[in-house]
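Listed here are the chains, written in short residue letters.
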Amino acid sequence: MPTYTHRCPVCGEFDQVRPMSAAGSAAACPDCGAAAPRVFGAPSLRGLDPGVRRALDASARSADAPEVVASVPGTNRRATPVTRDPRHARLPRP
Ligand SMILES: [Zn+2]
């Protein structure tokens, strides 16, 4: 079951493990019993694979300031190889 954060109007925020079917309803505060609506925060990323976390961090960084390209793509590519086979001359051309 996932952990949801709720905010009691009197006592403040608290975390509670609840079934997903009860995610939309307010939870009872463990201290005073008042109805505490759910608080939507950042997802918990503690359990992620380090590679996935790096990719998510890079994606978040580039959302506001995309990385600048230092060179024109394709300048380092090798030229298309030219064939010397005479049979290739008879192939249809695009
Ligand atoms: Zn409370």
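Parameters at a glance
Residues numbered from 1 in each chain as written. Predicted model: local features only at pLDDT ≥ 70, side-chain atom pairs only at ≥ 80, totals over all residues. Heavy atoms only, no water. Core = buried A, V, L, I, M, F, W, Y, C linked by side-chain atoms within 4.5 Å. Buried < 20%, exposed > 50% of the residue type's maximum accessible area, 1.4 Å probe, protein only. Contact = heavy atoms within 4.5 Å. UniProt positions renumbered as here; feature names shortened; annotations may be inferred. Helix = DSSP H or I, 4+ residues; strand = E, 2+ residues; numbered from the N terminus. Patch = residues over 30% accessible without salt bridge, like charges linked within 9 Å, V, L, I, M, F, W, Y side chains within 5 Å. Areas by Shrake-Rupley, 256 points an atom, 1.4 Å probe, with all protein chains shown as cover. Salt bridge = Lys/Arg side-chain N within 4 Å of Asp/Glu carboxyl O. Pairing = 2+ DSSP bridges.

In the annotation of an unreviewed UniProt entry, the protein chain is listed under the name Putative FmdB family regulatory protein and assigned to Pseudonocardia endophytica.

An account of the nonpolar core is requested, with residue identities and associated values reported.
Ranked by size, the top nonpolar core spans 5 residues in total: Cys8, Phe14, Ala27, Cys29 and Ala36. Residues in contact with cysteine 8, not counting those within four places in the same chain, are Phe14, Cys29, Cys32, Ala34 and Ala36.

I'd like a rundown of the UniProt feature "domain: Putative regulatory protein FmdB zinc ribbon" (unreviewed entry) in the protein chain, residues and numbers included.
Cross-referencing UniProt, the feature "domain: Putative regulatory protein FmdB zinc ribbon" (unreviewed entry) maps to residues 1–41 in the present numbering. Helix makes up 0% of residues 1–41 and strand makes up 44%, while its end C-alpha atoms are separated by 17 Å.

Help me get a handle on a nonpolar patch on the surface, residues and values and all.
Together, Leu48, Val52 and Leu56 make up a nonpolar patch on the protein surface, roughly 210 Å² of accessible area in all. Looking at the element boundaries, valine 52 is found in helix α1 (residues 50–64).

So, the pairing of strand β1 (residues 3–8): which residues are in play, and what are the values?
Within a regular beta strand, the side chains point alternately toward one face of the sheet and then the other, so they alternate between its two faces. The side-chain alternation of β1 yields one buried face, formed by Tyr4, His6 and Cys8, and one unburied face, formed by Thr3, Thr5 and Arg7. Counting the residues between successive antiparallel strands, the hairpin from β1 to strand β2 (residues 12–17) contains 3 residues. Taken together, the 2 bridges between β1 and strand β5 (residues 38–39) define a ladder with antiparallel strand orientation. Each bridged residue has a counterpart across the sheet, and for histidine 6 the counterpart in β5 is arginine 38.

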